[in-house]
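# An overview of the molecular structure
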Amino acid sequence: MIASARSATNYERLATWVKKGGKLELNGNQLKHKSGFKSFFKNHYLPFYKTYNAKRVLKFLNEELKTKTDKNIAKLSAQIIKINSNNKSLRPLLKEVDEKIGKIRADLNKKQIYLTKDNQNNYNKWKDSYHFEPRLFSHHIDFAKFLFDTHLASQIKATKTAPKEIDGEAALLVEGEWIKFSDFSQRFSVRTYGPTKEKLIADKTNAVYSYLDNEKGFELTHPYTQEKIKPLTKLSQEEFQKTLTEARKFKRSDECDPIELNKDRHCIIQVVSSEVENKSRFDFISGPAKKQFSSSKHPWLRWIDKEGNVFDVGYGSFIKQSPKNLLKAIDGKFRSPDLWNFLPCDSHVVTNIAATEDEILKLSQYAHKYKNDDRNFNTKAAFHGLSQNCTAFTTFALMAATGIKIPTVIPVDTLIGKCVPPLFNKIAEQFQKILRPIKKSVLTVMPKFLAKAYRKTADKVTHFLKEIWKVLVSIRLSLLEVMMGGLKDGKNLVQFEPDLEKNPERFKQPLKSGHFKWLKLSHVNIHLPSALQEWQKQQASTVIYKKPTKLCIVP
């Protein structure tokens, strides 16, 4: 039996046929029931025929759905999607057909609007995580895909203004004015910023626009090359006072009465970092190491002036590096606003510090100095994964502005100790418990002069073995560094300098600063986000925001 694909009645019959377990195949521009021995043989004994036939049917339905919104076409398409849901080779086509029937299913108030996992996950993220209007996804799928592909969705969701629909069309906020997506697409295009491979929005003159939290939406500002950092947002007077009250709880190490001294500090500095929970099932093996190297994420800085303007800047490479170049010194980049304002994480850790106008001016000058030296004189700040990274910038900038020192440098041997799995420490403790009484009983029965000589010799041997162990570990770590690009560096790269009056020196790779340092565990100053975050959690003015979706500024 042959049914015209252009007949709604036939689509209804075909949907009923498939629901009962029947098969379909395409004949020219018509769909027909598959029946008889020939169809059975091809479907069960010819390799890949089932996938080939399903692909033809799906392509046909996809073309029909471009011009038709009949519920029976959607019903038939949904059944075909369900039947082929486990076929990975059809995944892109299933997703595309599913996107088209989403609008029809939404209008029919279906409980499950999307049938493929990809579309359902994006739809849930759109309405539940980003809190955008669900209709914008189901009825303007190309708009939603644009926001996801450019990562604008994650940036916009952190701000006060969400996309909306105007005259039946999706719209975005540009310089305080709502613009329909069709007009937006004519005016702007997506450009890839070479150094970081990030997708940015630019107009026809190549001027870059960023989406800020100032209720104006897109504004003319380049997140990497803008000469002057623009405010990310502005706090209301109530929000500012609430944040300042929290910041005045911060105690500087050399001050006895922080509340009284902070009364003359009318601005705010925020040290911000992100945290991803340790979800390893093998915690006894990888838990401690993961906590040191993975759970604590990128830190950055904010400063808030007396008017409530919030400035935000972070430092990093912002590009993925291969393992063989992970410790190579490369060009670092400053980004305002920092990307981790928008990236998914389990919590943001924010330390509020009351500051003077002079201190936030120094902080601004510190950030602008390296940013503009890079822009104007091609004098680039080096990025090194261990000794000059996002944590080092945050530490040095805060020290330059306020004199506050965050102890982020961790000696390698201390770090190794922190990474030892708890199980190993427990085993060592048990051995100590067993050996301690044996050693004590042996020394008790020994003559005093032998016991004294034994202790002296044992101490020297133990010290010698520890030093040998340190040298061997250091050599192995140095060789590992070499394999990860530890001897490679670029030209004209400079190191951070806490003192603004001094000219930064050329950055030297740790392994290039002397061959004997290969034998010492202290040859690298390791600035780890985990150490900074540990310091944050000890401060009275630190606020932890769980499962953040918006900018975490006001307590």
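Our subject is the structure listed above.
Residues numbered from 1 in each chain as written. Predicted model: local features only at pLDDT ≥ 70, side-chain atom pairs only at ≥ 80, totals over all residues. Heavy atoms only, no water.

## As for the overall build of the protein
Within the protein, the regular secondary structure consists of 19 helices and 22 strands. Buried positions account for 48% of the 555 residues belonging to the protein. (Helix = DSSP H or I, 4+ residues; strand = E, 2+ residues; numbered from the N terminus. Buried < 20%, exposed > 50% of the residue type's maximum accessible area, 1.4 Å probe, protein only.)

## Some points on the sheet that holds strand β20 (residues 493–494)
With mixed pairing, 3 strands are arranged side by side in an open sheet as β15-β18-β20. Both edges of this open sheet fall to β15 (330–331) and β20, since each of them pairs with a single strand only. In terms of strand pairing, β15 meets strand β18 (residues 380–383) through 2 bridges, oriented antiparallel. Bridge pairing in β18 links D331 to A382. (Pairing = 2+ DSSP bridges.)

## Concerning the packing of helix α3 (residues 49–65) against helix α4 (residues 71–83)
Between two packed helices, what matters for the description is the angle formed by their axes and the separation of those axes. At a minimum axis distance of 11 Å, the contact between α3 and α4 shows a crossing angle of 150 degrees. Classified by the angle between their axes, α3 and α4 sit roughly antiparallel to one another. With respect to the hand of their crossing, α3 and α4 are arranged in left-handed fashion. In this structure, α3 uses V57, L58, L61 and L65 to contact α4, whose residues at the interface are I73, L76, S77 and I80. Tallied by class, residues from the contact of α3 with α4 come to 7 nonpolar, 1 polar and no charged. (Axes fitted to C-alpha atoms, helices over the stretch in contact; angles between N-to-C directions. Parallel < 35°, antiparallel > 145°, perpendicular 65-115°, else oblique. Left-handed = near helix turned anticlockwise from the far one by under 90°. Contact = heavy atoms within 4.5 Å. Nonpolar A, V, L, I, M, F, W, Y, C, P; charged D, E, K, R; others polar.)

## Some remarks on the pattern of salt bridges
In the structure shown here, the tally under the stated rule is 19 salt bridges. Close ionic contact of K306 with E357 constitutes a salt bridge, the shortest N to O distance being 3.6 Å. In this pair, K306 sits in the loop between β13 (296–304) and β14 (309–316) while E357 sits in helix α14 (residues 357–377), placing the two residues 51 residues apart along the sequence. Overall, E357 belongs to the exposed group, its relative accessible area being 51%. Counted as one network, the salt bridges with shared partners bring together K95, E99 and K145. (Salt bridge = Lys/Arg side-chain N within 4 Å of Asp/Glu carboxyl O.)

## Examining the packing of α3 against helix α5 (residues 91–107)
The interhelical angle for the contact between α3 and α5, taken along N-to-C directions, is 35 degrees, at an axis separation of 10 Å. Relative to α5, α3 is oriented so that their crossing is left-handed. Of α5, the residues touching α3 (which contributes K55, L58, K59, N62 and L65) are L93, L94, E96, V97, K100, I101 and I104. Residue composition of the contact of α3 with α5, by class: 7 nonpolar, 1 polar and 4 charged.

## Concerning the nonpolar core
In this structure, I269, W303, F334, Y366, F393 and F496 are the most contacted members of the largest nonpolar core, which totals 34 residues. Counting only elements with at least two residues in this core, the list comes to β12 (267–275), β13, β14, β17 (347–355), α14, β18, α15 (390–402) and α19 (529–536). Among the elements that make up this core, the one with the highest residue count is α15 (7 residues). Setting aside residues no more than four positions away along its own chain, W303 makes contact with I229, I268, I269, N309, V310, F311, V313, I360, L363, S364 and A367. Among the nonpolar cores identified, the runner-up in size contains 30 residues, and W126, A144, L173 and I201 belong to it. (Core = buried A, V, L, I, M, F, W, Y, C linked by side-chain atoms within 4.5 Å.)

## Details of α3
Between its first and last C-alpha, α3 extends 24 Å over 17 residues, near the 24 Å set by a 1.5 Å rise per residue. Taken residue by residue, α3 has Y49, N53, A54, V57, L58, F60, L61, N62, E64 and L65 as its buried positions. (Expected span 1.5 Å × (residues − 1).)

## A few points about the layout of surface pockets
Reported here for the second largest pocket is a volume of approximately 680 Å³. In terms of lining, the second largest pocket is formed by 26 residues, of which the most central are H151, S154, F342, L343 and P344. Among the secondary structure elements, those contributing two or more residues to the lining of the second largest pocket are α6 (117–129), α8 (141–149), α9 (152–156) and β8 (198–203). A per-class count over the lining of the second largest pocket returns 12 nonpolar, 8 polar and 6 charged. (1 Å grid on protein atoms, 1.4 Å probe; cavity = no way out; pocket = protein on both sides within 12 Å on 5 of 7 lines; lining within 4 Å. Points joined across faces, edges and corners; volume = space filled by probe spheres on them.)

## Notes on the environment of A171
Here A171 is to be found in strand β5 (residues 169–174). Taking C-alpha positions, A171 is 8.1 Å from F184, a pair spaced 13 residues apart along the chain. Discounting chain neighbours no more than four positions away, the residues touching A171 are F143, P163, K164, I166, W178, I179, K180 and F181.

## Topic: the pairing of β17
It is a general feature of regular strands that their side chains alternate between the two faces of the sheet. With respect to burial, β17 is a largely interior element, 9 of its 9 residues being buried. What you see with β17 is no split at all: S347, V349, T351, I353 and A355 on one side and H348, V350, N352 and A354 on the other are buried throughout. Alignment of β12 against β17, held across 9 bridges, turns out to be antiparallel. Residue pairing for β17: V271 is matched across the bridge by T351.

## Here we look at α6
Residues lying three or four places apart along an α-helix face the same way, a consequence of the helix completing one turn every 3.6 residues. Within the sequence span of α6, burial applies to N119, Q120, Y123 and W126. For α6, the angular spread of buried residues about the axis comes to 125 degrees, placing them on one side. Close packing links the buried residues of α6 with α5, α7 (134–138) and α8. Two residues or fewer after α6 comes H131, characterised by a positive phi angle close to 60 degrees. (Arc of directions from axis to C-beta.)

## Points about a positive patch on the surface
Together, K19, K71, K75, K82 and K110 make up a region of like positive charge exposed at the surface. Counting residues per element, the positive patch draws most heavily on α4, at 3 residues. Along the chain, the position of K82 falls in helix α4. By relative accessible area, K82 is classed as exposed at 54%. (Patch = residues over 30% accessible without salt bridge, like charges linked within 9 Å, V, L, I, M, F, W, Y side chains within 5 Å. Areas by Shrake-Rupley, 256 points an atom, 1.4 Å probe, with all protein chains shown as cover. Lys, Arg positive; Asp, Glu negative; His and termini not counted. Charge placed at Lys NZ, Arg CZ, Asp CG, Glu CD.)

## With respect to unusual backbone geometry
The omega torsion of the bond from S336 to P337 falls at 0 degrees, within 30 degrees of zero and hence cis. Relative to the helices and strands, P337 is located in the loop between β16 (333–335) and β17. Positive phi, normally seen in glycine, also occurs at E175, with a value near 50 degrees. Along the chain, E175 turns up in the loop between β5 and β6 (177–180). Phi at K197 is positive, roughly 60 degrees, even though this residue is not glycine.

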